[in-house]
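Coordinate analysis (summary)
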Amino acid sequence: MADALTEAVRTGRLVPGQRLTENEFTNRLGVSRSSVREAFRRLTADGLLMAEPHRGVMVRQLSRVEVDNLFQVRGALEALAVTLALPALHQAPSTLVALQRDLDAAVEQGDMNRFSQLNGRFHRLFRDTADNALLSDTLTRLSNSLYWLQFRVLVDRSDVFDTNRQHREVTECVVANDEGGARAAMLRHVENARKLIQSLPDDHFARPQPRKDRSRITD
C-alpha cells in the first residue's frame, strides 16, 4: 500500500496538495481501511505526505526555502555516506563501476527514466554500504519529500543528464581511494540537483510560511 502511494507520487499521478482519503484508496486498491491508515501514517512520518487539522492527509508540498534547507542537510549526509562506504567500495568496486557504466549508457541513449532509476540506485549503494541505519532512514525520508519535484525536473529539464559528470567523478575517486575528492564530487552533485529543482516555476512550490516574531521575550 505504501509502495503504491509512493510510486504514484514518484510518477506524478498524485500531486502536492492533493487530498487523500481512506475511502478512495480502500475502494481503488481493494485493501482494508486499517492498511490505508497505516500507509498514511508511515508516509507522513517519511515526509511524503502531511496531515493537517480539518483537512486530512495530502501529498506534501515544499516551499523554496524548505527545499534549500533540505538540500543543505542532504548534502552533508550524502557526503557522510561516501566517507563510511568508501573503504568497502574501494576494496570491491565492481558493483559501483558496473552501475556507472549503466548510467553512462542511459545518458548516451537519452533514456531519462532509466537514468532516474539508476541515479536512485547509485545513492542507495552508498547508503546501504555505509551500514548505518539512522543515516539511511534519514536520507530516505529526505528523498521522499522531493519525489514530485524530481519528477517535474525529469519532465521539464533535459540537462539532468549533466549530473552524470559528478557520478563519474565520485566513482573514479572511490576506485582511487580518494575520500576528499569523492566527498567533494558528491556535494557538487547534490548542489546541482538543488539548482535544477529551484529552476522550476513558482507554482511548483508551496508559499513560504511567515516567520514567527522572535524579538519578543516572554516570561
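So, a few notes on the structure that sits alongside this text. (Residues numbered from 1 in each chain as written. Predicted model: local features only at pLDDT ≥ 70, side-chain atom pairs only at ≥ 80, totals over all residues. Heavy atoms only, no water.)

A separate point is the overall build of the protein chain. Looking only at helices and strands, the protein chain has 10 helices and 3 strands in total. Its helices and strands in sequence order give the protein chain the pattern α-β-α-α-β-β-α-α-α-α-α-α-α, from N to C terminus. Here the C-alpha atoms of the protein chain give a radius of gyration of 19 Å, agreeing with the 17 Å that 2.2 N^0.38 yields for 219 residues. Counting only C-alpha atoms, the protein chain reaches 55 × 55 × 35 Å along its principal axes. Across the 219 residues of the protein chain, 39% fall into the buried class. Long-range pairs, those at least 24 residues apart, make up 73% of the contacts in the protein chain with a sequence separation of at least 6. Put simply, the protein chain shows about 12,300 Å² of open surface, and 48% of that area lies on carbon and sulfur atoms. Computed over 31 positive and 29 negative side-chain charges, the separation of the two mean positions in the protein chain equals 5 Å. (Helix = DSSP H or I, 4+ residues; strand = E, 2+ residues; numbered from the N terminus. Rg over C-alpha atoms; globule rule 2.2 N^0.38 Å. Buried < 20%, exposed > 50% of the residue type's maximum accessible area, 1.4 Å probe, protein only. Contact = heavy atoms within 4.5 Å. Areas by Shrake-Rupley, 256 points an atom, 1.4 Å probe, with all protein chains shown as cover. Lys, Arg positive; Asp, Glu negative; His and termini not counted. Charge placed at Lys NZ, Arg CZ, Asp CG, Glu CD.)

Here we take up helix α7 (residues 133–145). End to end, α7 covers 19 Å across 13 residues, agreeing with the expected 18 Å (1.5 Å per residue, within 8%). Here α7 has its buried residues at Leu-135, Ser-136, Leu-139, Leu-142, Ser-143, Asn-144 and Ser-145. Where the residues of α7 are buried, they touch α3 (33–46), α4 (64–91), α6 (112–130) and α8 (147–156). Of the residues flanking the start of α7, the one acting as N-cap is Asn-132, its side-chain oxygen 3.2 Å from the backbone nitrogen of Leu-134. (Expected span 1.5 Å × (residues − 1). Polar contact = N/O pair within 3.5 Å; in protein donor to acceptor, adjacent residues only side chain to side chain.)

Glancing now at the layout of surface pockets. Of the pockets and cavities examined, the largest pocket occupies roughly 910 Å³. Those elements that place two or more of their residues in the lining of the largest pocket are α1 (2–10), α6, α7, α8 and α10 (179–198). Counting residues per element, the lining of the largest pocket draws most heavily on α6, which supplies 10 residues. Tallied by class, residues from the lining of the largest pocket come to 11 nonpolar, 14 polar and 6 charged. (1 Å grid on protein atoms, 1.4 Å probe; cavity = no way out; pocket = protein on both sides within 12 Å on 5 of 7 lines; lining within 4 Å. Points joined across faces, edges and corners; volume = space filled by probe spheres on them. Nonpolar A, V, L, I, M, F, W, Y, C, P; charged D, E, K, R; others polar.)

A few words on the packing of α4 against α10. The N-to-C vectors of α4 and α10 enclose an angle of 155 degrees; their axes lie 9 Å apart at closest approach. As the angle between them shows, α4 and α10 are arranged roughly antiparallel. Where α4 crosses over α10, the handedness of that crossing is right-handed. The residues of α10 that touch α4, namely those facing Arg-64, Val-67, Asp-68, Phe-71, Gly-75, Ala-76, Glu-78, Ala-79, Leu-80, Val-82, Thr-83 and Leu-86, are Glu-179, Ala-182, Arg-183, Met-186, Leu-187, Val-190, Ala-193, Arg-194, Ile-197 and Gln-198. Along the lines of polarity and charge, the residues of the contact of α4 with α10 split into 13 nonpolar, 3 polar and 6 charged. (Axes fitted to C-alpha atoms, helices over the stretch in contact; angles between N-to-C directions. Parallel < 35°, antiparallel > 145°, perpendicular 65-115°, else oblique. Left-handed = near helix turned anticlockwise from the far one by under 90°.)

What follows concerns α1. Residues Ala-2, Leu-5, Thr-6, Ala-8 and Val-9 constitute the buried set of α1. Looking straight down α1, one finds its buried side chains confined to an arc of 160 degrees; they lie on one side. (Arc of directions from axis to C-beta.)

Further remarks concern empty space enclosed by the protein. Gaps left between atoms are located by rolling a probe of water-molecule size over the structure's atoms. Summed over the entire model, instances satisfying the criterion amount to 2 cavities of 30 Å³ or more. Roughly 50 Å³ of volume is contained in the largest cavity. Lining of the largest cavity is provided by Pro-16, Arg-60, Gln-61, Leu-62, Ser-145, Leu-146, Trp-148, Leu-149 and His-204. In terms of residue class, the lining of the largest cavity is made up of 5 nonpolar, 3 polar and 1 charged. One number sums up the size of the second largest cavity: a volume of about 30 Å³.

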